[in-house]
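# Architecture at a glance
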Amino acid sequence: MIKINNLHASIDGKKILKGLNLTVNAGEVHAIMGPNGAGKSTLSSVLAGREEYEVTEGSVDFNGIDLLELSTEDRAREGLFLAFQYPIEIPGVSNVNFLRTAMNEIREYKGLDPISAKDFMTMVREKSALVELDSKLASRAVNEGFSGGEKKRNEIFQMAMLEPKLAILDETDSGLDIDALRIVANGVNQLKSAQNATIVITHYQRLLDYIIPDFVHVLFDGRIVKTGTKELAVELEEKGYDWIKDEFSTVG
Amino acid sequence: MNSQQLDEMEMPTQTSKLNQFRTNFKEGNLSFDPSLRILSRSVLENSDFPTTRNESWKYTRLTKLSQLSLTTTEKINSPISVPLKSPYVISIVNGNIIDLPTIQGVSISRLSDCSEKQLELVCKNVSIENDVFHALNTLYIKDGILIEIQENQQINDAIQLIFETQESSIFCPIRIIIVGKKSSKAHFFQHFSGKGTGLTLPVFEYFIEQNAHLSLDKIQLENDESFHISTDQVYQERDSFFKINTITLSGKLIRNNLNILVNGENCETNLNGTYLLGDGQLVDNHTVVDHLKPNCNSNELYKGVLNGKSIGVFNGKVFVRPDAQKINAFQSNANVLLSEDASMNSKPELEIYADDVKCSHGSTTGQMDEEAIFYLRTRGISDRSARALMTQAFIGDVLNQIENEEIVDYVQSKLVELHDWVI
Ligand SMILES: Nc1ncnc2c1ncn2[C@@H]1O[C@H](COP(=O)(O)OP(=O)(O)OP(=O)(O)O)[C@@H](O)[C@H]1O
Ligand SMILES: [Mg+2]
């Protein structure tokens with residue numbers, strides 16, 4: 001699915017990613033944990049193609065394509081999806097309207113005809129039910145006046161609509177109560193298949209009770225420094241990151 | 001000696017640009033008060049095109065306009081295109097009135113057929129002294145139209161006023177007087193389009209009588225070379241309602257003067273506008289709402305999107321006179337600049353002489369929200385469509401003020417054509 005090799009990236013001259021390696025195969029769920037400021041959101045931004053970041057070294061292969069060569073929209077059209085840590089509000093742009101535009105541009109890219117209005121609305125109903133997002137919210141302006149939890153559910157709703165190959169969920173669980181967490185996780189699990197993959201970035205082991213990861217990685221100081229299974233997440237939550245810091249801090 | 005120097009030598013030095021500009025025009029002979037014609041003539045003889053030193057033309061240069069050599073014409077060529085289905089169509093081609101419909105409950109006549117008494121409405125609130133364009137219009141109109149919505153009549157279909165320029169280098173002054181008699185209701189649709197360079201110079205005078213309701217959608221779809229200077233002079237009596245939506249889609253230089261005198265209690269006044277400018281375009285909206293009487297509401301919302309090397313001007317004055325207590329007056333102008341070469345000059349002005357009023361005004365000019373663009377692109381939307389969606393969202397609250405669905409669809413379709421909108 002994706003093979004990130006020795007990725008280095010910086011912003012405003014500050015090095016954030018410092019030789020990151022990660023391989024994710026179809027059908028897998030990977031969790032990335034790590035202290036604040038480690039570079040987790042930077043990784044998702046770089047993969048999504050945020051232009052402020054400069055990739056100085058390394059490569060990213062996405063299903064045989066050089067991901068870093070593609071524009072942000074083409075990455076999405078190739079099947080990459082990012083659920084933002086902080087979804088923004090876009091007043092005046094209706095959720096379903098922009099999703100239909102997105103879906104049709106993706107279809108056009110793949111040489112498919114536009115989706116019919118009827119099929120689209122059926123899909124909106126189905127997928128908003130999946131994440132228990134009020135269908136009124138689905139047709140309102142993007143995230144405008146949404147609560148924190150509603151914004152996160154809206155991200156998963158969009159993911160469900162666009163059916164990506166690889167979804168990166170950046171702290172989608174942060175700030176959610178248990179009910180909302182269950183709903184979001186449920187959405188993710190139902191969309192899981194042998195053909196797609198998910199990367200969940202999280203601080204909390206409790207998410208991983210709902211979304212069972214195949215691998216847990218520790219991102220620290222711009223690199224993946226440790227990889228394990230679900231048990232690693234438990235250990236991290238218990239012990240914190242100090243032991244990792246002691247082990248891997250680069251001096252000077 | 002080149003030809004230009006020759007021209008200059010042959011011209012008496014005191015000949016102003018304005019005098020030169022009007023050499024080919026012939027005075028009209030409508031039988032309104034002759035003193036108006038005398039005054040117009042004297043204004044034109046004694047002044048010139050306003051320069052940017054003139055406060056109300058500070059950002060709008062008329063040099064290019066003043067250099068045009070224009071004539072009037074009686075020619076009418078191809079049939080005109082009418083945007084709406086409504087059968088009530090008044091068309092004005094190259095400044096000539098071509099046909100007037102019969103509408104139940106409305107009396108429509110050419111000014112050339114009006115009595116002197118009816119013509120007393122001409123320039124009732126339009127001042128000629130300080131405005132050469134009003135003087136030009138008054139002196140050179142060959143004809144005009146008086147439209148009176150009769151008392152208690154409600155006209156459901158839009159009355160379409162279609163202005164089309166089919167020739168290049170022509171001067172089209174026209175006067176339209178609209179009277180909404182007591183307790184009447186009507187909706188007007190004005191549409192301006194055409195080809196070639198020229199000056200379209202319409203002056204509209206509205207008299208909205210007691211308890212009357214008049215709304216108006218003005219669509220400006222002029223071409224890349226055309227100049228358009230229009231005045232809408234509105235007079236509201238008590239309990240009346242007026243609403244105008246000015247949608248400027250294209251044109252080289254467009255100046256809209258909108259002056260509203262609210263001279264009665266319990267009136268509602270709505271003025272909205274949007275302008276989408278591309279390279280080389282200038283749009284200047286000058287509005288005045290003058291509250292003379294208490295207990296009225298006015299709402300003003302203008303929003304603009306400027307691309308390429310374009311210039312936007314907004315000047316909105318709201319006066320609340322000493323006796324006009326309990327006025328709610330809101331005004332807002334917001335702009336998005338899409339390019340570094342675009343510039344916006346926005347000046348909201350409130351002058352309040354009463355103490356018990358609620359007024360607010362605001363003006364903002366900013367850039368496109370790049371975070372939002374990125375968000376939309378991560379969903380597979382192209383940069384171009386993302387910008388179109390954002391633009392659409394930005395001016396959406398102005399477009400939502402258009403109540404007639406057919407007009408909304410028409411405007412949307414033009415936006416798709418002109419600006420690649422995605423709908
Ligand atoms: N524009 C910028 N200029 C300089 N440094 C920046 C900029 N943007 C982010 N950073 C820094 O990059 C580092 C990585 O930030 P990032 O958001 O990727 O961390 P994170 O692992 O997602 O943290 P969190 O767990 O808090 O979400 C941080 O030290 C942050 O301050
Ligand atoms: Mg983060």
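Criteria and cut-off values
Residues numbered from 1 in each chain as written. Chains lettered and ligands numbered in written order. Predicted model: local features only at pLDDT ≥ 70, side-chain atom pairs only at ≥ 80, totals over all residues. Heavy atoms only, no water. 1 Å grid on protein atoms, 1.4 Å probe; cavity = no way out; pocket = protein on both sides within 12 Å on 5 of 7 lines; lining within 4 Å. Points joined across faces, edges and corners; volume = space filled by probe spheres on them. Helix = DSSP H or I, 4+ residues; strand = E, 2+ residues; numbered from the N terminus. Nonpolar A, V, L, I, M, F, W, Y, C, P; charged D, E, K, R; others polar. Axes fitted to C-alpha atoms, helices over the stretch in contact; angles between N-to-C directions. Parallel < 35°, antiparallel > 145°, perpendicular 65-115°, else oblique. Left-handed = near helix turned anticlockwise from the far one by under 90°. Contact = heavy atoms within 4.5 Å. pLDDT = per-residue confidence, 0-100. Phe/Tyr/Trp six-rings, centres within 6.5 Å; stacked < 30°, edge-to-face > 60°. Buried < 20%, exposed > 50% of the residue type's maximum accessible area, 1.4 Å probe, protein only. Donors = N, O, S within 2.8 Å, 3.2 Å for Na, K, Ca; no water. Domains from an automatic or database assignment. Salt bridge = Lys/Arg side-chain N within 4 Å of Asp/Glu carboxyl O. Polar contact = N/O pair within 3.5 Å; in protein donor to acceptor, adjacent residues only side chain to side chain. Pairing = 2+ DSSP bridges.

## Looking at empty space enclosed by the protein
Residues and elements named next belong to chain B. For the coordinates displayed, the defined rule picks out seven cavities of 30 Å³ or more. Of the voids in this model, the largest cavity is the one considered here, and its volume is about 60 Å³. Around the largest cavity, the lining residues are I92, V93, N94, G95, F163, E164, T165, C172, I174 and T200. The set of elements that each furnish at least two residues to the lining of the largest cavity consists of β1 (89-93), β5 (159-165) and β6 (170-180). Broken down by element, the residue count for the lining of the largest cavity peaks at three residues, all from β5. Taken together, the residues of the lining of the largest cavity break down into five nonpolar, four polar and one charged.

## Points about the packing of helix α6 (residues 370-377) of chain B against helix α7 (residues 383-399) of chain B
All names here are of chain B. Two numbers describe how α6 lies on α7: the axes approach to 9 Å, and their chain directions differ by 125°. In terms of orientation, α6 and α7 fall into the oblique class. Where α6 crosses over α7, the handedness of that crossing is right-handed. Facing α6, whose interface residues are E370, A372, I373, L376 and R377, α7 presents D383, A386, R387, L389 and M390. Class assignment of the residues belonging to the contact of α6 with α7 gives a composition of six nonpolar, no polar and four charged.

## Description of the confidence of the model for chain A
Averaged over all residues, the pLDDT of chain A is 93; the fraction at 70 or higher stands at 99%. Per-element averaging of pLDDT across chain A places helix α5 (residues 135-139) of chain A at the bottom with 81 and helix α2 (residues 72-77) of chain A at the top with 98.

## Digging into the packing of aromatic side chains
Residues and elements named next belong to chain B. Summed over all chains, the structure comprises 17 aromatic pairs over all chains. Summarising the aromatic geometry, the rings of F163 and F192 are spaced 4.3 Å apart at their centres and angled 10° between planes, so their arrangement reads as stacked. Of this pair, F163 sits in strand β5 while F192 is found in strand β7 (residues 185-194), placing the two residues 29 residues apart along the sequence. F192 shares its class with F163; the two are buried. When the centroid spacing of 5.3 Å and the interplanar angle of 45° are considered together, the rings of Y302 and F314 count as tilted.

## Digging into the coordination of the magnesium ion (ligand 2)
Geometry reference: four tetrahedral donors at a metal, ideal angle 109.5 degrees. Six octahedral donors, ideal angles 90 or 180 degrees. Looking at the magnesium ion (ligand 2), the protein donor atoms are A:S41 (OG) and A:Q85 (OE1), and they sit 2.0 to 2.2 Å from it. Of the two residues, A:S41 is situated in helix α1 (residues 40-48) and A:Q85 in the loop between β6 (80-83) and β7 (90-94); the sequence distance between them amounts to 44 residues.

## Considerations on the domain arrangement of chain B
All names here are of chain B. Each domain of chain B was delimited in the assignment, giving domain 1 (3-263) and domain 2 (368-423). Taken together, the contacts link 14 residues of domain 1 with 13 residues of domain 2. Put simply, domain 1 and domain 2 have two salt bridges between them. Between E406 and K85 there is a salt bridge; the shortest N-O distance is 3.9 Å. Where domain 1 touches domain 2, the interface holds five residue pairs in polar contact (both at pLDDT 80 or more). Where the side of domain 1 that touches domain 2 is concerned, the elements lending two or more residues are β7, β9 (213-221) and β11 (241-250). Among the elements that make up the side of domain 1 that touches domain 2, the one with the highest residue count is β11 (four residues). Across the side of domain 1 that touches domain 2, the residue classes break down as eight nonpolar, three polar and three charged.

## Here's the deal with the pairing of strand β8 (residues 198-208) of chain B
Residues and elements named next belong to chain B. Of all 11 residues that make up β8, 11 are buried, and the element is covered over most of its length. In β8, alternate side chains face the same way, and those of G198, T200, P202, F204, Y206 and I208 on one face and L199, L201, V203, E205 and F207 on the other are all buried. Relative to β8, β6 is paired through 11 bridges, and the arrangement is parallel. Within the sheet, the bridge partner assigned to I178 lies in β8 and is Y206. As judged from the nine bridges shared by β8 and strand β10 (residues 226-236), these two strands associate in the parallel manner. Note that in β10 the partner of I208 across the bridge is Q236.

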